[in-house]
Amino acid sequence: MQQQETDLYPSRQGKKETITHRHDPVVYPYHKPELESTLSPEQIARYINDGFLVLPDYMSDWVEALQYKIGQLKQIMSGREELITEPDSNALRTIFNPIEHNQLVKNFFSHPRILNIARRLLGSEVYAMQSRVNIKPPFTGRSFPWHSDFETWHVEDGMPRMRAVTAWIMLTDNHEKNGPLYVIPGSHKQFVCCEGSTKDNNFATSLKKQMLGVPLQHSMKELMGNKEITSVTGKAGTVVFHECNIMHGSPDNISADPRSILMCVYNSMENIAQKPFSDLQPRPHYLNSRHPAPLHPLNDDADTHHDIN
Ligand code: 6CS
Ligand code: FE
């Protein structure tokens, strides 16, 4: 398949692994005065420097209703391909595209307290490119190896530039022992051009256990440098924003506590994926929306989360 523009971030092209610089800004300029107050200058500086931002207890009053709706979604969507099970059991690992299947989830990610942060960081209107619930059941929830989301979205979906951010809410407490997200602060400023090459339908296995786009140990050592792995923990209701290229992963959950999170990837309307930067067919729409429409902030006063429909 013909590529639509120069590949600034070649990866999985059968070459030796290398680490290059990021060519894109982390935060894009935005000129809407009403977005100025969404984050403080200190928070913006921290996001630019670390590649992620944690907002403790930010949307706690939504947790119960979202949990309830997601419980229903498991039944309603049962048997559909959007549901991914663990690599070694039938336990549910991920539900993709909850935003298209439930209005409350869409309301949540359209709430100005979340959506306007994404618009502010990406300097444009944004759309929901991918949404998912990651469920790490007690004892059986399996790890995610080190990866950059952008690397997959670039190679397998055709996202051209680093201009996306993932927002997620903790639906249970995320603590040190139930498989929390690990990040390498600052790693979003570099890009690992990974080894290997990708076969069609890689997603059929990668969503259970990712093998490609996982850097070699020496690259990870270089990225880690003198930085500490940081675990992202908090109470249910905590909201996190992480930049699309930050290196992250998470360990197994061998504790007795569930760990679940609800995520939405906001991509800039100026960064819409077209053809993958590989010879692959685009992945299904539930992994990467192919008909993007900008999200509009809901009225701040709307009592949206009590609208259980
Ligand atoms: O495939 C995706 O779009 C996402 N899921 C995984 C397991 N890795 C890359 C990216 O985060
Ligand atoms: Fe990821």
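No experiment lies behind these values; they were computed from the predicted model shown.

### Things to note about the overall build of the protein chain
Here is step 1 of the chain: Along the backbone of the protein chain there are 8 helices and 13 strands.
Here is step 2 of the chain: Taken against the 2.2 N^0.38 rule, which gives 19 Å for 309 residues, the C-alpha radius of gyration of the protein chain at 18 Å falls within 12% of a compact globule.
Here is step 3 of the chain: The dimensions of the protein chain, computed from C-alpha atoms along their principal axes, are 50 × 50 × 40 Å.
Here is step 4 of the chain: Expressed as a percentage of its 309 residues, the buried residues of the protein chain come to 42%.

### Some words on the sheet that holds strand β10 (residues 230-232)
Here is step 1 of the chain: As summarised here, the arrangement of the 4 strands in space is β6-β12-β8-β10, forming an open sheet in which the pairing is antiparallel. Single-partner strands in this sheet number two, and they are β6 (144-147) and β10. In this sheet, neighbouring strand axes are inclined to one another by 25° on average, regardless of whether the strands run parallel or antiparallel.
Here is step 2 of the chain: Bridging between strand β8 (residues 181-183) and strand β12 (residues 248-250) involves 2 bridges; their strand directions are antiparallel. In the strand pairing of β12, valine 183 is matched with histidine 248.

### A short note on the pairing of strand β5 (residues 126-136)
Within a regular beta strand, the side chains point alternately toward one face of the sheet and then the other, so they alternate between its two faces.
Here is step 1 of the chain: Of all 11 residues in β5, 10 are buried; the element is thus mostly enclosed.
Here is step 2 of the chain: As judged from the 10 bridges shared by β5 and strand β13 (residues 259-268), these two strands associate in the antiparallel manner. Across the sheet, the residue bridging to serine 131 is cysteine 264, located in β13.

### Focus: the nonpolar core
Generally speaking, nonpolar side chains in soluble globular proteins are found buried as a group.
Here is step 1 of the chain: Of all hydrophobic cores here, the largest spans 64 residues; its most connected members are Phe109, Ala118, Val165, Ala167, Ile169 and Tyr266.
Here is step 2 of the chain: Apart from the residues within four sequence positions on either side, isoleucine 169 is in contact with Met59, Trp62, Gly237, Val239, Ile261 and Leu262.

### So, unusual backbone geometry
Here is step 1 of the chain: Phi at asparagine 97 is positive, roughly 65°, even though this residue is not glycine.
Here is step 2 of the chain: With respect to the helices, strands and loops of the structure, asparagine 97 is situated in the loop between β4 (92-96) and α3 (98-101).
Here is step 3 of the chain: For asparagine 97, a count of 22 C-beta atoms within 10 Å translates into the label buried.
Here is step 4 of the chain: Although it is not a glycine, phenylalanine 139 adopts a positive phi angle of roughly 70°.
Here is step 5 of the chain: Looking at the secondary structure, you find phenylalanine 139 in the loop between β5 and β6.
Here is step 6 of the chain: The partly exposed category is assigned to phenylalanine 139, around which 14 C-beta atoms lie within 10 Å.

### Points about the site of ligand 1
Here is step 1 of the chain: Residues in contact with ligand 1, as listed here, are Gln130, Phe144, His147, Asp149, Thr152, Ser206, Leu207, Gln210 and Leu287.
Here is step 2 of the chain: Mapped by element, the contributors of at least two residues to the shell around ligand 1 are β6 and α6 (149-157).
Here is step 3 of the chain: Considering only residue class, the shell around ligand 1 consists of 3 nonpolar, 5 polar and 1 charged.

### Points about the packing of helix α2 (residues 63-76) against helix α4 (residues 103-110)
Here is step 1 of the chain: Between α2 and α4, the least distance of the axes is 9 Å, while the angle of their chain directions is 140°. On the basis of the axis angle, α2 is oblique to α4. In the packing of α2 onto α4, the handedness of the crossing is left-handed. Between α2 and α4, the residues in contact are Ala65, Leu66 and Lys69 and Leu104, Val105 and Phe108, respectively.
Here is step 2 of the chain: Of the residues assigned to the contact of α2 with α4, the class counts are 5 nonpolar, no polar and 1 charged.

### Things to note about α6
Here is step 1 of the chain: Within α6, 9 of the 9 residues are buried, leaving the element largely enclosed by the surrounding structure.
Here is step 2 of the chain: Looking only at α6, the buried set comprises Asp149, Phe150, Glu151, Thr152, Trp153, His154, Val155, Glu156 and Asp157.
Here is step 3 of the chain: In this structure, the buried residues of α6 make contact with β6, β7 (164-170) and α7 (203-206).
Here is step 4 of the chain: Immediately downstream of α6, the backbone of glycine 158 shows phi near 90°, a positive value.

Conventions used here
- Residues numbered from 1 in each chain as written.
- Chains lettered and ligands numbered in written order.
- Predicted model: local features only at pLDDT ≥ 70, side-chain atom pairs only at ≥ 80, totals over all residues.
- Helix = DSSP H or I, 4+ residues; strand = E, 2+ residues; numbered from the N terminus.
- Rg over C-alpha atoms; globule rule 2.2 N^0.38 Å.
- Buried ≥ 20, exposed ≤ 12 C-beta atoms within 10 Å, placed from the backbone.
- Pairing = 2+ DSSP bridges.
- Axes fitted to C-alpha atoms, helices over the stretch in contact; angles between N-to-C directions.
- Core = buried A, V, L, I, M, F, W, Y, C linked by C-beta atoms within 7 Å.
- Contact = placed C-beta atoms within 7 Å.
- Near = placed C-beta within 6 Å.
- Nonpolar A, V, L, I, M, F, W, Y, C, P; charged D, E, K, R; others polar.
- Parallel < 35°, antiparallel > 145°, perpendicular 65-115°, else oblique.
- Left-handed = near helix turned anticlockwise from the far one by under 90°.

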